[in-house]
Amino acid sequence: SHPLLFTRELFSQGNFATLVRLFAPVLFLPVVAPRHLLPAVPLYALYLVAAVPQGELVEAGQTVPITAFVFIALVFAMAKTGRVVVQRVNVDRRVVTALLLTASVFFVADSVASPYAEPWSWGRRDLVDAARLEAVELIPDDGVVRAAPTILPLLSERIGLYTLATPTVYDPQVGVDATEGSNWIVFDRTAVPGWDSLNLLDFRNAVQSRAKFVQVYGDRDSDIQVFALPSEVERLGLEPVSS
């Protein structure tokens, strides 16, 4: 009923690694004889996306049925590997294709430039980006968050989102308004380059003095700071940041 979700789960990195472990010992030759392999593919696809407990025994149980088809296809693939003509061996183009596929699969599985490693993002993330990702991980899915515009896209799965005002010229009311209707506040210092150190300190004091918000990520000089209500801190067992 959810084709996109099914496709995303089917081609996840974990499933890709499983397929590599399954076909690598036979050099991916079964793909040369696909008609002997395809009958098992629909059921195995369902196995790969099934919500089952993690463990080697469960994975082995899912792999056993397809393994039989892999070796059946391997037998027919080996029959197509080539034929001797005088002193030459004419290799079937499908075998060459299988070898190229093998090289490509190992590149995707093990290379640092694998698509799963998102090489297109190299050079884009700096320390502030890493801090944003760490800060977002602290906030549960049922959190009601008020955050800077630069962080809102990372919080799209939370139950409630509000934009934290980031005026160019500091307004003391910003810290007061930030606590309205939210139990989490994420502040991004890079979004307010015009604020000086006194403005930043005033904002922090306003957030902590009103509704007793507690800082749980970053310190007074950090670019990314996270504040939460005491009830959230206690519920999640978080450690408050010392002032």
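A brief look at the structure comes next.

Quick notes on the rules
- Residues numbered from 1 in each chain as written.
- Predicted model: local features only at pLDDT ≥ 70, side-chain atom pairs only at ≥ 80, totals over all residues.
- Heavy atoms only, no water.
- Helix = DSSP H or I, 4+ residues; strand = E, 2+ residues; numbered from the N terminus.
- Buried < 20%, exposed > 50% of the residue type's maximum accessible area, 1.4 Å probe, protein only.
- Contact = heavy atoms within 4.5 Å.
- 1 Å grid on protein atoms, 1.4 Å probe; cavity = no way out; pocket = protein on both sides within 12 Å on 5 of 7 lines; lining within 4 Å.
- Points joined across faces, edges and corners; volume = space filled by probe spheres on them.
- Nonpolar A, V, L, I, M, F, W, Y, C, P; charged D, E, K, R; others polar.
- Pairing = 2+ DSSP bridges.
- Axes fitted to C-alpha atoms, helices over the stretch in contact; angles between N-to-C directions.
- Salt bridge = Lys/Arg side-chain N within 4 Å of Asp/Glu carboxyl O.
- Patch = residues over 30% accessible without salt bridge, like charges linked within 9 Å, V, L, I, M, F, W, Y side chains within 5 Å.
- Areas by Shrake-Rupley, 256 points an atom, 1.4 Å probe, with all protein chains shown as cover.
- Core = buried A, V, L, I, M, F, W, Y, C linked by side-chain atoms within 4.5 Å.
- Expected span 1.5 Å × (residues − 1).
- Arc of directions from axis to C-beta.
- Polar contact = N/O pair within 3.5 Å; in protein donor to acceptor, adjacent residues only side chain to side chain.

1. Focus on the overall build of the protein
From N to C terminus, the protein includes 9 helices and 7 strands. Put simply, the protein has 243 residues, and 36% of those count as buried. Here the contacts in the protein between residues at least 6 apart in sequence split such that 58% fall between residues at least 24 apart.

2. A word on the environment of Phe23
Within the secondary structure, Phe23 sits in helix α2 (residues 13-23). Distance from Phe23 to Val70, taken between C-alpha atoms, is 7.7 Å for residues 47 residues apart in sequence. Residues within four places of Phe23 in sequence aside, it is in contact with Phe28, Pro30, Leu37 and Val70.

3. Re the layout of surface pockets
As a volume, the largest pocket reaches approximately 480 Å³. Leu19, Phe23, Val41, Tyr44 and Leu48 are the residues nearest the centre of the largest pocket, which is lined by 21 residues in total. Taken together, the elements giving at least two residues each to the lining of the largest pocket come down to α2, α3 (41-49) and α5 (93-110). Sorting elements by how many residues they give to the lining of the largest pocket places α2 first, with 5 residues. A per-class count over the lining of the largest pocket returns 19 nonpolar, 2 polar and no charged.

4. Thoughts on the sheet that holds strand β5 (residues 184-188)
Sheet strands associate in pairs through backbone hydrogen bonding, adopting either a parallel or an antiparallel arrangement. What the 5 strands build is an open sheet, ordered β4-β3-β5-β7-β6; its pairing is mixed. The open sheet is flanked by β4 (160-163) and β6 (214-217), the only strands paired with a single partner. With direction set aside, neighbouring strand axes in the sheet form an average angle of 25 degrees. Relative to strand β7 (residues 224-228), β6 runs antiparallel, the two being bridged by 3 bridges. Note on β7: the bridge partner recorded for Gln215 is Phe227. Seen against the sheet, helix α6 (residues 127-137) touches β5, β6 and β7 and runs at an angle of roughly 15 degrees to β7.

5. Focus: the pattern of salt bridges
Counted according to the given criterion, the structure contains 4 salt bridges. Residue Arg132 is joined to Asp129 by a salt bridge in which the shortest nitrogen-to-oxygen separation is 2.7 Å. Taken together, the residues span about one helical turn, with Arg132 and Asp129 both in helix α6 at a distance of 3 residues. Taken individually, Arg132 and Asp129 each receive the classification buried, so the pair is uniform in this respect.

6. Considerations on a nonpolar patch on the surface
Together, Phe6, Leu43 and Leu46 line one region of the surface with nonpolar side chains, adding up to about 270 Å² of accessible area. With respect to the helices, strands and loops of the structure, Leu43 is situated in helix α3. Using a relative accessible area of 44% as the deciding quantity, one classes Leu43 as partly exposed.

7. Quick word on the nonpolar core
One finds Leu22, Phe23, Leu29, Leu37, Ile66 and Val70 to be the most contacted residues of the largest nonpolar core, which totals 25 residues. Residue assignment for this core shows that the elements contributing at least two residues are α2, α3, α4 (56-78) and α5. Ranked by residues supplied to this core, first place goes to α4 with 5 residues.

8. Describing helix α8 (residues 197-209)
Helix length check: α8 (13 residues) gives 18 Å between terminal C-alpha atoms against 18 Å at 1.5 Å per residue, within 8%. Listed as buried for α8 are Asn199, Leu200, Phe203, Arg204, Ala206 and Val207. Projected down its long axis, α8 carries its buried residues within an arc of 160 degrees, all on one side. Residues of α8 that are exposed and point over 90 degrees away from its buried face: Ser197, Leu198 and Ser209. If you check the start of α8, you find a side-chain oxygen 3.1 Å away from the backbone N of Leu198, and it comes from Asp196.

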